[in-house]
Amino acid sequence: MRKLTGAVFVSLDNIMQAPGGPEEDVTDGFRHGGWVAPFWDEDMGPFEQIIMGDYDLLLGKRTYDIFSGYWPHNQDNPIGAKFQAINKYVATHSEAPLAWENSHKLSGDPAHAVAELKQSEGRDLLIQGSSTLYPPLLSARLIDRLVLITFPVLLGKGKSIFDGQVEPSGLKLADSFVSKTGVVIAVYEPAGDVQTGSFETREPSPEERDRRQRMAEGRW
């Protein structure tokens with residue numbers, strides 16, 4: 001089975017929109033495009049190993065449009081040369097052809113399509129950008145490794161991989177790294193269902209019982 005990694009640039013408030021440049025994605029008036037560049041460091045730890053590894057890309061249609069308009073014209077960059085050669089699997093409802101060579105359309109429900117793709121022969125898969133893919137794929141527990149590259153900036157609003165529609169699940173930290181510019185790279189792997197517990201060691205006080213009652217009745 002192919003393994004699926006999601007490696008995503010996020011701000012401290014979990015915004016991932018337009019990390020690469022001011023004109024990358026101005027949807028809904030987003031005006032902070034290019035917020036990654038000031039913090040980029042020559043040593044980005046696990047992300048360098050991931051991006052220069054062996055994989056095929058899994059993309060949403062809008063990220064595909066951004067990439068296909070940029071990387072084929074930047075073949076002097078090692079990442080551009082890699083992206084040109086590998087397969088690009090694109091989750092889309094559009095009937096428009098995918099002109100970038102080695103591009104393949106995934107139609108229908110993204111979770112179902114990606115589950116089938118993971119069962120096929122081929123390289124492991126890497127998501128870049130593509131915010132809309134994360135809620136269904138995380139909810140279906142199809143992502144084998146989630147890499148959050150967190151930059152020390154607050155963006156206020158914008159596209160996020162966590163939009164309130166992700167089904168609960170547990171994660172465990174598999175690796176971590178902090179760059180000299182303060183970028184925190186955390187590599188997570190699935191850890192089953194959410195585990196809960198309590199620090200409470202005594203019976204609740206009358207005030208606490210009253211608070212819980214008011215909370216249950218919607219009066220809190």
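Summarised in this report is the structure supplied together with it. (Residues numbered from 1 in each chain as written. Predicted model: local features only at pLDDT ≥ 70, side-chain atom pairs only at ≥ 80, totals over all residues. Heavy atoms only, no water.)

This brings us to the pairing of strand β3 (residues 88–91). With burial as the criterion, each face of β3 is covered, one bearing Lys88 and Val90 and the other bearing Tyr89 and Ala91. Bridge analysis of strand β2 (residues 56–60) against β3 gives four bridges, and the strand direction is parallel. Its bridge partner lying in β3, Gly60 is registered against Ala91. The pairing of β3 with strand β4 (residues 103–106) spans four bridges and is classified as parallel. Bridge assignment links Lys88 to a residue of β4, and that residue is Ser103. (Buried < 20%, exposed > 50% of the residue type's maximum accessible area, 1.4 Å probe, protein only. Helix = DSSP H or I, 4+ residues; strand = E, 2+ residues; numbered from the N terminus. Pairing = 2+ DSSP bridges.)

Counted residue by residue, strand β6 (residues 145–151) has six buried out of seven residues, so it is predominantly covered. Pairing analysis gives seven bridges linking strand β1 (residues 4–11) to β6, with the strands arranged parallel. When the bridges of β6 are listed, Thr5 appears paired with Arg145. Pairing between β6 and strand β8 (residues 184–190): five bridges, direction antiparallel. Among the inter-strand pairings, Thr150 is bridged to a residue of β8, identified as Val184.

A separate point is helix α4 (residues 110–119). An α-helical turn contains 3.6 residues, so any two residues separated by three or four positions project in the same direction. Turning to α4, its buried residues are Ala111, Ala113, Val114, Leu117 and Lys118. Around the axis of α4, the buried residues are gathered within 165 degrees of arc, so they sit on the same side. Among the exposed residues of α4, those oriented more than 90 degrees off its buried face are Glu116 and Gln119. (Arc of directions from axis to C-beta.)

What follows covers the environment of Ser139. Its place among the elements puts Ser139 in helix α5 (residues 134–139). With 70 residues separating them along the chain, Ser139 and Gly69 place their C-alpha atoms 31 Å apart. Setting aside anything within four residues of it in sequence, one finds Ser139 in contact with Tyr134, Gln165, Val166 and Glu167. Of the polar contacts made by the side chain of Ser139, one reaches the backbone oxygen of Pro135; its length is 2.7 Å. (Contact = heavy atoms within 4.5 Å. Polar contact = N/O pair within 3.5 Å; in protein donor to acceptor, adjacent residues only side chain to side chain.)

The rolling of a water-molecule-sized probe over the atoms marks out the regions of remaining empty space. The space that makes up the largest pocket amounts to roughly 1300 Å³. Looking at the largest pocket, it is lined by 48 residues, and the ones nearest its centre are Pro19, Glu24, Thr63, Phe67 and Gly129. Elements with a contribution of two residues or more to the lining of the largest pocket: β1, α1 (46–51), α2 (61–68) and α3 (78–85). Looking at the lining of the largest pocket, the element that brings in the most residues is α2, giving five residues. Grouping the constituent residues of the lining of the largest pocket by class yields 24 nonpolar, 15 polar and nine charged. Here the second largest pocket defines a volume of roughly 190 Å³. As for the second largest pocket, its lining consists of 16 residues, of which Leu138, Ser169, Gly170, Leu171 and Pro190 are closest to the centre. Here the element with the most residues in the lining of the second largest pocket is β8; it accounts for three residues. By residue class, the composition of the lining of the second largest pocket is nine nonpolar, three polar and four charged. (1 Å grid on protein atoms, 1.4 Å probe; cavity = no way out; pocket = protein on both sides within 12 Å on 5 of 7 lines; lining within 4 Å. Points joined across faces, edges and corners; volume = space filled by probe spheres on them. Nonpolar A, V, L, I, M, F, W, Y, C, P; charged D, E, K, R; others polar.)

This paragraph deals with the side chain of Asp41. For Asp41, the position within the fold is in the loop between β1 and α1. Separated by 3.1 Å, the side chain of Asp41 and the backbone nitrogen of Asp43 make a polar contact.

Once that is clear, we can look at the pattern of salt bridges. Using the criterion set out here, one finds 12 salt bridges in the structure. Measuring nitrogen to oxygen at the nearest pair gives 3.3 Å for the salt bridge that ties Asp56 to Arg2. Of the two residues, Asp56 sits in strand β2 while Arg2 sits in the segment before β1, which places them 54 residues apart along the sequence. The buried category is assigned to Asp56, whose relative accessible area is 1%. Owing to a relative accessible area of 3%, Arg2 belongs among the buried residues under this scheme. Across the pair Arg212 and Glu208 runs a salt bridge whose closest N-O atoms are separated by 2.7 Å. In this pair, Arg212 and Glu208 both sit in helix α6 (residues 206–216), four residues apart, roughly one turn of the helix. For Arg212, a relative accessible area of 34% corresponds to the partly exposed category. Taken together, the shared-partner salt bridges connect Arg2, Asp54, Asp56 and Arg123 into one network. (Salt bridge = Lys/Arg side-chain N within 4 Å of Asp/Glu carboxyl O.)

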